[in-house]
Amino acid sequence: MHFEITKQDIQKAFRSKAKIYHPDLNPLELPIKECEYLMTELVDAYETLMIGGGDNDDNDFISKYQI
């Protein structure tokens with residue numbers, strides 16, 4: 001199966017998740033530390049997808065985010 005995902009799709013998904021996990025918004029009422037951790041992971045994934053990840057190996061990214 002082959003998916004075509006654009007940078008706009010990635011940006012839209014990022015913004016959607018950021019609204020959920022941002023420590024200041026936090027509609028799920030998660031602990032602040034958990035929100036901070038999830039936002040860090042979300043930003044890391046976003047930057048890897050949008051910029052290309054720099055030194056990160058694709059296999060490490062795939063295993064980390066279970067793609």
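This is a predicted model, so every value here is computed, not measured.

Student: Please give an account of the side chain of Asn26 that cites residues and values.
Tutor: Among the secondary structure elements, Asn26 is positioned in the loop between α1 (7-21) and α2 (32-51). Taking relative accessible area as the criterion, Asn26 reaches 11% and is therefore assigned buried. With near-sequence residues (within four places) excluded, Asn26 lies in contact with Lys19, Ile20 and Cys35.

Student: Give a detailed account of α1, specifying residues and quantitative values.
Tutor: The terminal C-alpha atoms of α1 lie 21 Å apart, and with 15 residues this matches the ideal 21 Å at 1.5 Å per residue to within 8%. Regarding α1, the residues found buried are Ile10, Phe14 and Ala18. Take α1 and look down its axis: the buried residues cluster within an arc of 65 degrees, on one side only. The exposed residues of α1 that point more than 90 degrees off its buried face are Gln8, Lys12, Arg15 and Lys19. Of the surrounding secondary structure, the elements contacted by the buried residues of α1 are α2.

Student: Can you lay out the confidence of the model for the protein chain for me, pointing to particular residues and giving the numbers?
Tutor: Low-pLDDT stretches of the model should not have their predicted coordinates read in fine detail. Model confidence for the protein chain is summarised by a mean pLDDT of 80, while 75% of its residues fall at 70 or above. Model confidence for the protein chain, summarised as mean pLDDT per element, is weakest for helix α3 (residues 58-65) at 59 and strongest for α1 at 91.

Reading guide: rules and limits
Residues numbered from 1 in each chain as written. Predicted model: local features only at pLDDT ≥ 70, side-chain atom pairs only at ≥ 80, totals over all residues. Heavy atoms only, no water. Helix = DSSP H or I, 4+ residues; strand = E, 2+ residues; numbered from the N terminus. Buried < 20%, exposed > 50% of the residue type's maximum accessible area, 1.4 Å probe, protein only. Contact = heavy atoms within 4.5 Å. Expected span 1.5 Å × (residues − 1). Arc of directions from axis to C-beta. pLDDT = per-residue confidence, 0-100.

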